[in-house]
Structures are given as structure tokens and as C-alpha cells.
There are 4 protein chains.
Amino acid sequence: MSLPDVVTLSPTPDEYAYTFGGRAPLVTVRPGTIVELTTEDCFGGRVRGIGDLPSEVCEFPYLNPVTGPIAVAGAEPGDTLAVHFVEIAPARDWGISSTFPHFGALTATHSTAMLHAPLEERVWVYELDRAAGTCRFRARAGDFTADLPLDPMHGTVGVAPAGGETLMSITPGAHGGNLDTPEMRAGATAYFRVNVPGGLLAVGDGHARQGEGEVCGTAVETAMRTTVVVDLVKGGGPAWPRLEDDRYLISTGSARPLEDAFRISQHDLVGWTGELLGLDTLDAYQLVSQAGLAPAANVCDTNYTMAAKLPKSLLGRARAYDGLHDRLRATAAAYLRHR
Amino acid sequence: MSLPDVVTLSPTPDEYAYTFGGRAPLVTVRPGTIVELTTEDCFGGRVRGIGDLPSEVCEFPYLNPVTGPIAVAGAEPGDTLAVHFVEIAPARDWGISSTFPHFGALTATHSTAMLHAPLEERVWVYELDRAAGTCRFRARAGDFTADLPLDPMHGTVGVAPAGGETLMSITPGAHGGNLDTPEMRAGATAYFRVNVPGGLLAVGDGHARQGEGEVCGTAVETAMRTTVVVDLVKGGGPAWPRLEDDRYLISTGSARPLEDAFRISQHDLVGWTGELLGLDTLDAYQLVSQAGLAPAANVCDTNYTMAAKLPKSLLGRARAYDGLHDRLRATAAAYLRHR
Amino acid sequence: MSLPDVVTLSPTPDEYAYTFGGRAPLVTVRPGTIVELTTEDCFGGRVRGIGDLPSEVCEFPYLNPVTGPIAVAGAEPGDTLAVHFVEIAPARDWGISSTFPHFGALTATHSTAMLHAPLEERVWVYELDRAAGTCRFRARAGDFTADLPLDPMHGTVGVAPAGGETLMSITPGAHGGNLDTPEMRAGATAYFRVNVPGGLLAVGDGHARQGEGEVCGTAVETAMRTTVVVDLVKGGGPAWPRLEDDRYLISTGSARPLEDAFRISQHDLVGWTGELLGLDTLDAYQLVSQAGLAPAANVCDTNYTMAAKLPKSLLGRARAYDGLHDRLRATAAAYLRHR
Amino acid sequence: MSLPDVVTLSPTPDEYAYTFGGRAPLVTVRPGTIVELTTEDCFGGRVRGIGDLPSEVCEFPYLNPVTGPIAVAGAEPGDTLAVHFVEIAPARDWGISSTFPHFGALTATHSTAMLHAPLEERVWVYELDRAAGTCRFRARAGDFTADLPLDPMHGTVGVAPAGGETLMSITPGAHGGNLDTPEMRAGATAYFRVNVPGGLLAVGDGHARQGEGEVCGTAVETAMRTTVVVDLVKGGGPAWPRLEDDRYLISTGSARPLEDAFRISQHDLVGWTGELLGLDTLDAYQLVSQAGLAPAANVCDTNYTMAAKLPKSLLGRARAYDGLHDRLRATAAAYLRHR
């Protein structure tokens, strides 16, 4: 095994992308390359205190900057682009969350259109303590505080969409994008179908942590220093983004209404399980029905996202993508030992 | 009043567009220009008989070709691009409808994902009799036939989307696109918010007629010879596409679930009504609630579309867009008299 | 033909029902009986002016009183209970509409739960002019008025539910109930599946008129003097309520999300059309797709309701329920001539 | 502390209930009573092997029998009925799962009405090994087997509904009912708002385990021997069912579309959290957004159910219902020690 390439990608402010698709790659890497990259937070770093209201300091459509795209040499439509998260480290000792006018799960929005005035726009600043592994919530009204576990992840990871589309980075879909699932943490491998030559991976929207559903519309948003291994499997591109960690196979679905996101994710997991275990469709449906988990990812974005999880303990000797996740784990471990 | 420009736009096969956004204009016109254009059907003309199954003869993403884009000189983001349909005439004496695997309202789809095999893919050929004003349905199983009124319209009319997005022409949204509403017939004026310089109007997907909801996923699809007047209002761009005919103000909303499409359309109509009549929000809400109509447009596309209609008889002397519809009607009448 | 029985049913205040199911019949009639009945408005008559806020003067669950139940002799589960509306006449010269806290299409509700405070609760009093055929809207803020066509109908018509259920009268479903469709006007025949012996028809919630969707949550609510013919077809009970008038077959569906209400109604209409015309399922699907109408009924109640309409001009000699609607029309005409 | 009453409730076949509401209590107990009860499976025990197709051996509406109702002395509308699950033990060494025509998440249903024929109806028999703590899945096609952890729970727990309604036991809602959440396991306390005198608790639908979402429509269904403590808190009845275990506060919401179930559950959890921690609404919204979990319960029943969970580690010294859960845990421990 030769040492993998290590590439660094740290965009200047005007190099950030705000869409998936429609952009030339910032860099092209060989399959197996380790990419050390930096990401800005979803506010473009403009919200730095409780007085910085996002609707005032941010400017549509310059929201949710992503780092990339990264082209993968040899990636062709129908292939599987794999990205393994080696490390996701907050680049600041603070993170931001906020409400935003007409955005979130418990508010009227532009599509769940109602006659209500927006809820109050309020900003929370979280202190991140990487040593302690916590992020501190501080109530804005009253003096309540609570330390929540730091659990860094990326809300937005995806590739260029199919059909010649260019989609805003805030939209999750079959191309990935703003899935906003806490499963996208270090130790996980994400799989995307390649839709255009090179695949054109981009990553952004770091969260120091988020709850399932991202109810208020934002997580604990922060800039990240992130290391990924980018790899390629010829063919086999999944219809919808998949993830794998040491314990679970995870299918995602992004759609509205939320039951369609659920259906997509479960449908994909049924197919994936059946294929790996040699089960027919109804047997796989049955097994997933009894053994699966189904947490919400986000219920606030332009599409909602559900995750469908199956314990890998059920797989016996079967391995997804021929054991790629384990190999990427090994690559990641070697990288972390030797850097 | 000077005579309006008349421009002809008849794309060659490789000039058709399959997206809104991401394309350079085929032509740039001055506000007030009459454009005589031709459109191909949603199958790109490849389905010509009952043996031509769309899933076999059509190739993704080359579906639903649109004619354009047409840039309007002086159109800037926030403006209102108006397009008045002078005439929509079937260019053939036949039209096609079909089911399509996993597409339609009464079938599992890729987002309402289920374990069912697709319904049968079946093609119907309609005979169009322009003199009689009918299109003839002919059952595929059995010998039942019925003549339905010819009611030509365009399923797909829109402009380049906001946010730097490029969307497939099969998607309806705030930019218009594949609204698939039978209200988009000759005599109607459609209003779109301009999102990019020039607006970039495109038109396609002619239907000899369609039912409300476009239940099976396709209408009576046919190529069209269509004449429009393209005009511009500075400012005032509506958040969602609007239409106006001699009898109704019509707001549209495109989203999932269907109640959100309904909410968007009603919310817009409440705002529009309130503005035109000087009513506060709740009074406008009340008036629309008692006087409005709410037909489905499509319940099959990637977003669903609802229309919200208010009789113009309620408007008294108030006129939308300062009477533009009436002026465009006059222009159309003059054109039809003199050609 | 013998003269039909004529029965009068005018409940005292404490005889009103607030549920479908769970009540003994007020009266039992033979099939073909004409019933002259009175109904109270959805507020129980307690809102009489703009100062009577429904949330203050009405008391849950004493909302939406219905007149009945009326048992039909011989009706057994699986049969079809037909009710033809001969006349629906406002019993007052005023009607009421209002917003209601957390109820309506453009507001957060108890199930579309959000953090917004309720919209303002506001009452409108409409003057009903039966001679002129109008109801007058009078804005609460400002001096705008408008005369809307009087178009009396019943929002709530149904039978006892299946499965031993008792449902509040505000809920629409397979048993009928609070369908809130403007199609339920004089001249229409409604068909319900009988679920319990006698069927147990009840009628209420008169509207001087309503817009499609009943957007704000209430129509122009008023007490009614209504005459119906109640009839029975052995067997053939439809899965969901159907209506028929002189021009249309109308299927209804009541569910959430709204696309499921749409699907139910279209699915039923496809089956009904196929059965009447001898078409296979796909041919009926196709015909309904091109010829059908799909107006919203209500998008505010505990289930939403859509109507699916097919022009009876397509039926040739076929007649629903063996021509029952025409016979009931004749009965109604005879009654109106001779009373 | 006096010893609690212990009551045994083991219905005869014709004593089972199939609705919430509309039934006289089988027994009345004092608050604090321990009830040892037995429940039949959702098939009424009629499916005993792979040849027993549910649609053939079961008869609507005699599905999903529940044990009860149990009246609680002194319970009045607005109170909180608490039920703590001491033990849930499979009463058989086998459990059943199956598909059912037009029921489940990945199939057309009666409300998500489509033109597809039903999926195959297939029965799976699981071997339950209480000693090993497993239930064995055995593929019907092929010889794959897998042991899944036994995790017994009740799918159906609830009280009589509000508004005079009687609802089939298969429906989840504000009264509880068929929530089908795996959180309803031994060690959990469920809280319901009392709607009628006595509250009228009923319990059924034991699952040896279920996946989140109950995708195929049924879990590993089995009869149970279950012990609960039934208690009462005067006042404070929650709008929607809540649960509490040693680690989490859990709010539930049951509605369609699924995002409304999500909204309800999150809305309730925001209110509950705010109340316990003295936070204003937006601060509670923020805390839940970052700290909460949101697993699907069921996405197959007549309403869908979501759970919203908050770690109790955030509560500091605050205790829900004044520490009732801890007291019931102590009662349960004493019972288990001494029986």
C-alpha cells in the first residue's frame, strides 16, 4: 500500500460555492486521496454575537458556503463517490445558533405559508470546549446554562446533481447536499451516486452538534477543520445518499412530506439489505421493519431528511461496497497516527 | 401606439432547453414584443404511436423540451415579466398521453417510494380536430371513444430561478416551470418575478387539454404554434407565478405536500386581493375564503401545483398591474385582426 | 307511483347531535321519504354579532350541531344511502363567518403545531338577501363591501362510521361528515356507504356560500330550512362519499396530507368511471386524467377534502345507481310543485 | 407507605375491546394500584403459522384487541393518568409478523390510494427465547436467520378520547392508542390527559420488538403478561401523550403528514422543557433543537407517530410531575422484589 496523497483545500472567501452543480472544481484528486479542508459556517462567519441578526448580516443567496467542488479523477456518471470523515474539528471556540424569520420546523415558512408574523429572530452563542468535549448553551432570557456533548459533523455534503441541475447548497436531495444528519460525523463514510464527470464533491455547514430534526432551523454552527478520504467505486452509485459507520448501514431520503423522506430511506435500506444478505424484497422489508432505526435528520430544510439505519451486526460476513468502509477506517487510522 | 415588434422563434432540435436557468438566451426582445414560437411536446416528439413507450424512446434528462430562453431587454431582478398568450394552436392533428413508470398521482413514485412494480406503461393517441374543437379519446382495451373539448394550453412556462439555481423543466416552482395548470390558455396573462437580468422566459409542454390534477402524469401532449406578447413591469415581481384572465385573478403555489401548494397560492391571493382592494390582511383572508376557487393544477410533478382564483367582478375599478392585462388583450386583438 | 312520505324534523336545542355514531335515531323513515328539516349553524347560533367571539361564546365539544340521526328502514351495512337535496334555504337573513384561534388553512393549528400566537379572532356578519340572491361581505377594517352570490349548501352530511367509531361532527371521512364541499347544494344527490343498521344520516353546518378550500376555516354560516329525499339502494355502498348533480359525477376523499384526499377521490372516480363505461382501470385512469376537475373542498378541517368531478356528458347512456339521481330529481320537482 | 393494591385483569375472548371510548370499564382501581394484566396480540391470536393469512383469518373490526378499560377512581377530565410499565413479558415462545394488503409504509394504502394490486401477504413466525433475550427472524425465501434482541413493549396504550369520540384501537392520537413506539417498554411511565371520568385506560398490541417506524405495518406481535402501576395526578393533563424513562423525557405526536406528528411532538417537548427549566419559549426551542432526539414511532397507522426525546441529564434538579416516575420506579422495584 502506497501512502495516499494528501491535499489541502482552504478556500478564500470568494472561492466558496453556494450551489451543488454549476461550478468548476477547485481541485482534482485521485481516488484514495486524503483532503484536509476548512469550511466556513452556514452564516459565512458573519454572525459573531447576539446582536448580529442573520437576516441583517447575511445576504441571500450567499448562505451556507461549501468548500469545493472537488473532482475525483475517473469518476463517471453511475459510479459511487465515497467520502470518509477522518476528523471534524471546530476551528473556533464558539458556535452560533439562531432562529431565522420563517425558517424552522415550528414556524410558518415560505412554503408552509401562513399569515403569522415571523417568530422573534434570536441568536445564541455557544462556547465550545474541545478539551472537555462540550458546547455550552446559555439561555438568552434568564441565567440557565447547560453543557451539551460536542459531536462535530457536517450538515452539507454532496455532489453535483443529475439532470443538469444546479441546486442551492441549502437543499438536500438525491445528490446529498444539506442533509443535516448528525450521522455525518467523523468515523462515517458517505456514498453518493456520481452524476457528472468528476462527481464534484463539496462539504460545508459544520455543526458542533445538532439535535435530530434540527427543529429551530440551525444547529450549533461553526467553522471546521476537516479531514476526509475521498474514494471511488466504479458503478454501483446509489439512488440516494448512504452512510456507513462502524455499527450501522444508513440510507437517507430527502423529500416532502416527511413520510416520503421516510419512504425513500426505508426503500433504499430494504434494497441494500436484501442485496447484501441475499434476501428477497419482502424478507428484507420484514427484517428492516423489526431491526431498523429511523431518526429524523432535518425537518426544516427545503426538503426534509430521514435516516434509516440497520445494525451491521446483522450482516454476518457481508460487507457493503466490498469492505470499503473498513479500508477507509484503516487509512484514516494510519493518517492520524502519522501526521 | 407604435406597432409592436414581431419576432419568430422556432428552435432546431438541438436548440431546445431542458432546464430553467443555466442557458444563454436564444433571442432578446424589447418589452411589448409579440413572439411567434413553436414548441415540441414533452416527449420531444418521439412518441408517435401506441408502440412507442416513453421509457424506451425518450432519454433522461431530455424530457420536456422548452423553447427559449427569451431575454427581455431591461428586465432586472425584482421586476415583473408578463407573458400574454395570444394563441395556442396544436401543430399536429394528434396528441399523445401515456402512463410512465413510477410517475403520476395514483402510482408509487421515486419519492413516494414503495415496493410495487410500476403500473403498465400505456400510450394513448388522441385525434385532434381543430375545426370541431375536439380531441378524441380512444380506449386501448375495448372500443369506447369520447370527444373531449379541445382546450389548448402550455404546461411549462417560466423564467430563470433565483439563487443561481438551474432546475429541470419538469419542476414547477416560484420561477414557474412545469405548473401544468389548464389556466395557462390563450387569453391569459402570466406574471413572473424576474430573478436574473433579462428574466429568461421559456415556454413548452403544450397540452391539447388536461384534466385538473393531471392525474396520470401526462396531458394530451402535442406540439404547438403559439403566439405571446412579452412585456415588462418595473418592480413588483410576485413571489410566486400569477395569472390573470378576463374573469379571474389566479395565484399559484408549487410545493409538497399539496396543502403547502394550496397555502402558498391562497397566501399570495390574500395578499394580492388586499393590496388591490385596500383591505387589511384578515379582511382579505375572509373575502378570499368565501369568494375563491381552488382547483388542482398538477398532483404528479416534482412539486405539486394548486391555483387560487378570485373573480375579478369583485375588484370594482381596481386593476392588477395597472390594467396591463387589458392592454395586452388589446394588443393581441390587434395582432389577430391584422396578421 | 304513490306519494312519498313527508316527515318533518326540527330538533330542540338539546336534541342536536355533535357526533356521527353513538346516537339513537331521532326518527326512522322509509326509503323515498321526503324530510323537511331545520339545522342550526356551526356555532350553535351563539355568534350573533361581531362582539361574539366563537372561542368565548361556544363550548367544546358543542360545536357544529347536526340534525339527526335519521334511520332509514331496511338499511344494512354495505348498502347505499342516497340523500337528494331538494332545497336549502337560509333560515335567517344573516350569516356569520369568523377566524378561530389555531383553526384554518393559513394559520398554525393544533396539529400543524407551531410557536406562533393565534391570529386575531374576528367575526364578520353577512347580510343575506334571498330575493337578490346575494350575501354581503362587509370589511371590518375600512368600508369595503361586496355582494357575493348566495349559493346555499350543507358542510356536514354523513352517516354513522364503520368500525364502531363515533366521530365528532367536525371531522370528514369515509362516512361523510364535515366534507365542506360547495357541491353539496340543492339539486345534488349524495351517496354514502351504510355502516350500521339504519345508516343514521345527519345533516348540518349550513353555508350561505363558501369558497373552495374554506381557507379561513369557516364559510358564511347560517341556520337552514332544508328538504331532502332520503333513499336506499341495496348493496353497492361506495368506499367514500359520492355526489351527483345534473352535470357531474363527484367522488370525494378526506385525509391528510391533501394529496391523499386527492388520491382517494381520483381513485374512486377512476373506479366509478370504469365501472359505468366498461373501461379497464388504465383506460378509466386516462379518461379521468384528461376530462376531470379537481377542486378543493376544505383544507382546514381535521381531515382535508378534495372533490373529483367527471362530466356526465361522457357517460352516454350509462347512469350511476341505475338512474336514481334522475328519479330523485323528479320526486323533488313534484314535491316543489305541489307543496 | 401502605402496600399498593394488586389487581389482576385477564379478559375472556369476548371481553376484549376494539375501541378507545364507548366501553364500560372492566375494573375500577384506586390511584397507585398495581395491575397484572394479559393482552392478546393484534391478530387476536388467530395467526399461528405462515399459512394463516391475516386478511383471511381476522375479521374487521375485530383487530388489535385491547385489555380494559380500567377506570381510575377520582380521575376527572383535565387530570393526568400515569401508567408505569413494571414488566412486559411475552406470554408465548413465538411471535408473528406479516404484511397485510394495502397496509404499511412502503405500499399503497386505502388513504394513499393507488392503482397497484396489494403486495404479497406474507407471514413470518419468530421464535422468542426469553432466556437468551432474542427473537429469531427466519427468512421465508432462503435460509437466512438472524437473532434480534428481545425488547418487549406495547404498541397500544391509551385512554378514552375527548369530544365524545370512540376511536378504533388501531388509531393513535391525542388519547394515545396505537402509538406503536418502542419507547413504551418496561421501565417507562406514560402520561395521558384524562378526557372522561375514570380516564378509561386500555393496553394491548404487545410487541416482542419493533423497528422504528414499524415499516411493514406490524411488529413481532405476541400476547403479553404485563404489570403496570396505574396512578393519577390531579390536573396537568398533557395535550398529547408523554413518556418518561430513566434517561429521557419523551413527547409524542400522532398525525398526518408525518411532519405534523413531528411538529406536535417537538412543540410539546418545547413546552414541557420550558416549564421544567423555567425557560422562555424561544430558549426552550433552542435547547430542544440542539439536544433532542426524534425517532419515528410508526409510519403505517391511521395517524403516524413521532417521538421527541430530551435527555433528563439536562434537567438538573427539575423533575417532571414532581418526581412521579421515580416513585413509580420504586413501587415497581418493591413489587418485583416481593412477588
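Residues numbered from 1 in each chain as written. Chains lettered and ligands numbered in written order. Predicted model: local features only at pLDDT ≥ 70, side-chain atom pairs only at ≥ 80, totals over all residues. Heavy atoms only, no water.

The name an unreviewed UniProt entry assigns to chain A is Acetamidase/formamidase family protein, from the organism Kitasatospora purpeofusca.

Notes on the overall build of chain A
Inclusion rule: Think of it this way: any DSSP run of H or I at least four residues long counts as a helix, any run of E at least two long counts as a strand, and we number them from the N terminus. In this treatment the radius of gyration is a C-alpha quantity, and the globule benchmark scales as 2.2 Å times the residue count to the 0.38 power. Each residue is assigned to one of three classes by its accessible area relative to the maximum for its type, calculated with a 1.4 Å probe on protein chains only: buried under 20%, partly exposed between the two thresholds, exposed over 50%.
Helix and strand counts for chain A come out as four helices and 21 strands. Here the C-alpha radius of gyration of chain A, 19 Å, is about what a compact globule of 339 residues would show, namely 20 Å. Its C-alpha atoms put chain A at 55 × 45 × 40 Å along the principal axes. A total of 339 residues make up chain A; the buried ones form 68% of that total.

Re the packing of aromatic side chains
For the record, the criterion: Aromatic contacts are taken between Phe, Tyr and Trp rings whose centres are within 6.5 Å, Trp giving its six-membered ring; a plane angle under 30 degrees counts as stacked, one over 60 as edge-to-face, and the others as tilted. We call a charge positioned over a ring when the NZ of a Lys or the CZ of an Arg lies within 6 Å of the ring centre and within 35 degrees of the ring normal.
For the coordinates displayed, the defined rule picks out 20 aromatic pairs over all chains. Measuring from ring centre to ring centre gives 6.2 Å for Phe 137 of chain A and Phe 144 of chain A, while their planes differ by 55°; the resulting arrangement is tilted. Across the pair, exposure class does not vary: Phe 137 of chain A and Phe 144 of chain A are buried alike. Their ring planes at 45° and their centres at 6.0 Å tell us that Tyr 126 of chain C and Phe 137 of chain C sit as a pair that is tilted. Pair noted here: Tyr 126 of chain C is in strand E8 (residues 123-129) and Phe 137 of chain C is in strand E9 (residues 134-138), with a separation of eleven residues, a long-range link. Per residue, the accessibility class of Tyr 126 of chain C equals that of Phe 137 of chain C, and both read buried. Here a set of aromatic residues connected by ring pairs shows up, and it is made of Tyr 126, Phe 137 and Phe 144 of chain A. Lying over the aromatic face of Tyr 248 of chain C, Lys 309 of chain C brings its terminal NZ or CZ to 4.3 Å of the ring centre.

A closer look at the interface of chain A and chain D
Note the following rule: Two residues form a contact once any of their heavy atoms are found within 4.5 Å. What counts as buried area is the accessible surface, traced by a 1.4 Å probe, that two parts surrender upon association, with contributions from both included. By salt bridge we mean one thing: a side-chain nitrogen of Lys or Arg within 4 Å of a carboxyl oxygen of Asp or Glu. Polar contact is the term for a pair of N or O atoms within 3.5 Å; when the atoms are in protein, one must be able to donate a hydrogen and the other to accept it, and sequence-neighboring residues count only if both atoms are side-chain atoms. In this classification, the charged set is Asp, Glu, Lys and Arg, the nonpolar set is Ala, Val, Leu, Ile, Met, Phe, Trp, Tyr, Cys and Pro, and all remaining amino acids, among them Gly, are polar.
Of the residues lining the interface, 59 residues belong to chain A; the matching set on chain D comes to 59 residues. For the pair chain A and chain D, the summed buried surface comes to about 4800 Å²; carbon and sulfur atoms form 63% of the total. Here Arg 122 of chain D ties to Asp 280 of chain A by a salt bridge, and the two come within 2.8 Å at their closest N and O atoms. In this structure, the connection of chain A to chain D is made through 40 residue pairs in polar contact (both at pLDDT 80 or more). The class makeup of the residues in the side of chain A that touches chain D is 33 nonpolar, 16 polar and ten charged.

Re the side chain of Glu 244 of chain A
Residue and element names in this part refer to chain A. You can see Glu 244 is positioned in strand E18 (residues 242-244). Glu 244 gets classed as buried once you look at its relative accessible area, which sits at 2%. A distance of 2.7 Å separates the side chain of Glu 244 from the side chain of Lys 312, its partner in a polar contact. When neighbours within four sequence positions are excluded, Glu 244 is seen to be in contact with Gly 187, Ala 188, Thr 189, Tyr 191, Leu 249, Lys 312, Ala 320 and His 325.

Some points on helix H3 (residues 281-291) of chain C
Since the α-helix turns once every 3.6 residues, residues separated by three or four places project in the same direction. Here H3 of chain C lies mainly inside the structure; ten of its eleven residues are buried. Those residues of H3 of chain C that sit buried are Leu 282, Asp 283, Ala 284, Tyr 285, Gln 286, Leu 287, Val 288, Ser 289, Gln 290 and Ala 291 of chain C. Residues of H3 of chain C that are buried sit in contact with strand E7 (94-98), strand E8 (123-129), strand E9 (134-138) and strand E10 (145-149) of chain B together with helix H2 (258-277) and strand E21 (304-311) of chain C.

Topic: the interface of chain A and chain C
With 13 residues of chain A at the contact, the number on the chain C side is 13 residues. Summed over the three residues of chain A that lose the most area to chain C, namely Leu 106, Met 114 and His 116 of chain A, the buried surface amounts to 50% of that side. Taken together, chain A and chain C are joined by zero salt bridges. Its residues placed into classes, the side of chain A that touches chain C shows nine nonpolar, three polar and one charged.

Focus: unusual backbone geometry
Residue Pro 69 of chain B is reached from Gly 68 of chain B by a cis peptide bond, and omega for that bond is 5°. Here Pro 69 of chain B is to be found in strand E5 (residues 66-72). Here the amide bond leading from Arg 256 of chain D into Pro 257 of chain D is cis, since omega sits at -5°, within 30 degrees of zero. The residue Pro 257 of chain D is located in the loop between strand E19 (248-255) and helix H2 (258-277) in this model.

Topic: the relation of the copies chain A and chain D
Heads up, the rule is: When the copies are superposed, the least-squares fit takes in the C-alpha atoms of residues with a pLDDT of at least 70 in both.
The transform that puts chain A on chain D rotates by 180° and translates by 0.0 Å along the axis, for an RMSD of 0.0 Å. Both chain copies can therefore be described as sitting about a two-fold axis. Measuring from the rotation axis to each C-alpha of chain A, the shortest distance belongs to Pro 295 of chain A, at 2.0 Å. Here 100% of the interface residues in chain A have copies in chain D that are interface residues too; the copies meet face to matching face.

Considerations on the environment of Leu 287 of chain C
By the element assignment, Leu 287 of chain C lies in helix H3. Non-local contacts of Leu 287 of chain C, meaning those with residues more than four positions away in its chain, are made with Phe 137, Phe 144 and Leu 148 of chain B together with Thr 273, Leu 277, Leu 279, Gly 292 and Leu 314 of chain C.

Observations regarding the pattern of salt bridges
Within this structure, the stated rule accounts for 76 salt bridges over all chains. Between Arg 92 of chain A and Asp 41 of chain A there is a salt bridge, with the nearest N and O atoms lying 3.3 Å from each other. One end of the pair, Arg 92 of chain A, is in the loop between strand E6 (80-90) and strand E7 (94-98); the other, Asp 41 of chain A, is in the loop between strand E4 (33-39) and helix H1 (54-57), with 51 residues separating them in the sequence. Side by side, Arg 92 of chain A and Asp 41 of chain A carry an identical accessibility label, which is buried. One salt bridge connects Asp 147 of chain C with Arg 136 of chain C, and the closest N-O pair in it is separated by 2.8 Å. In this pair, Asp 147 of chain C sits in strand E10 (residues 145-149) while Arg 136 of chain C sits in strand E9, placing the two residues eleven residues apart along the sequence. Linked by salt bridges that have partners in common, Glu 120 and Arg 122 of chain A together with Asp 280 and Asp 283 of chain D make up one network.

Topic: the packing of H2 of chain D against helix H3 (residues 281-291) of chain D
Residue and element names in this part refer to chain D. Using the following cut-off: Working convention: axes come from line fits to C-alpha atoms, limited for helices to the stretch in contact. Angles between N-to-C directions cover 0 to 180 degrees. Our angle categories are set so that under 35 degrees counts as roughly parallel, over 145 as roughly antiparallel, 65 to 115 as roughly perpendicular, and the remainder as oblique. By definition, any crossing whose near helix is turned counterclockwise from its far helix by less than a right angle is left-handed, and any crossing with a clockwise turn is right-handed.
Viewed as axis vectors pointing N to C, H2 and H3 meet at an angle of 115°, and their least axial separation amounts to 8 Å. On the basis of the axis angle, H2 is roughly perpendicular to H3. Judged by the sense of rotation from one axis to the other, the crossing of H2 with H3 is right-handed. Across the interface between the two elements, Gln 266, Leu 269, Val 270, Thr 273, Gly 274 and Leu 277 from H2 touch Thr 281, Ala 284, Tyr 285, Leu 287 and Val 288 from H3. Of the residues in the contact of H2 with H3, the class split is seven nonpolar, four polar and no charged.

Some thoughts on the pairing of strand E1 (residues 6-9) of chain B
Residues and elements named next belong to chain B. For the record, the criterion: Between any two strands, pairing holds if DSSP finds at least two bridges.
Residues Val 7 and Leu 9 of E1 are buried on one face, while the alternating residues Val 6 and Thr 8, pointing to the opposite face, are not. Here E1 runs beside strand E4 (residues 33-39); their pairing, made up of four bridges, is parallel. Bridge pairing in E4 links Val 6 to Ile 34.

A word on the environment of Ser 265 of chain C
When you line up the elements, Ser 265 of chain C lands in helix H2. Sequence-wise, Ser 265 of chain C and Met 306 of chain C are 41 residues apart; in three dimensions their C-alpha atoms are separated by 6.5 Å.

Section: the sheet that holds strand E16 (residues 201-207) of chain C
Residues and elements named next belong to chain C. The sheet built from six strands is open, its strands ordered E3-E5-E16-E11-E14-E13 with mixed pairing. Sheet topology places strand E3 (27-29) and strand E13 (172-173) at the edges, where each strand pairs with a single neighbour. Pairing between strand E11 (residues 153-158) and strand E14 (residues 176-177): two bridges, direction antiparallel. Directly across from Gly 158, in E14, lies its bridge partner Gly 176.

Overview of helix H4 (residues 324-338) of chain B
Residues and elements named next belong to chain B. What counts here: Between the first and last residue of a helix there are one fewer steps than residues, each counted as 1.5 Å, and that sum is the expected span. Throughout, the arc means the angular range of directions from the helix axis out to the C-beta atoms.
With 15 residues, H4 ought to run about 21 Å at 1.5 Å a step, and its terminal C-alpha atoms sit 21 Å apart, in line with that. Three or more residues of H4 are buried, namely Leu 324, His 325, Leu 328, Thr 331, Ala 332 and Tyr 335. Seen along its axis, H4 keeps its buried residues to an arc of 120°; they face one direction. More than 90 degrees from the buried face of H4, the exposed residues found are Arg 337 and His 338. In this fold, the buried residues of H4 make contact with E4, strand E6 (80-90), strand E15 (189-193), strand E17 (224-233) and strand E18 (242-244).

Let's talk about the pairing of strand E6 (residues 80-90) of chain D
Residues and elements named next belong to chain D. With nine of eleven residues buried, E6 lies mostly within the body of the structure. Across five bridges, the pairing between E6 and strand E15 (residues 189-193) is antiparallel. The residue bridging His 84 from the neighbouring strand is Thr 189, located in E15. Sheet topology places E6 next to strand E17 (residues 224-233); ten bridges connect them, and they run antiparallel. Bridging across to E17, Ala 89 finds its partner in Arg 225.

Describing the sheet that holds strand E16 (residues 201-207) of chain D
Residues and elements named next belong to chain D. Taken in spatial order, the six strands make up an open sheet running E3-E5-E16-E11-E14-E13, and their pairing is mixed. Each edge of the open sheet is held by one strand with a lone partner, namely strand E3 (27-29) and strand E13 (172-173). Relative to E16, strand E11 (residues 153-158) runs antiparallel, the two sharing five bridges. Bridging from a neighbouring strand, His 154 pairs with Gly 206 of E16.

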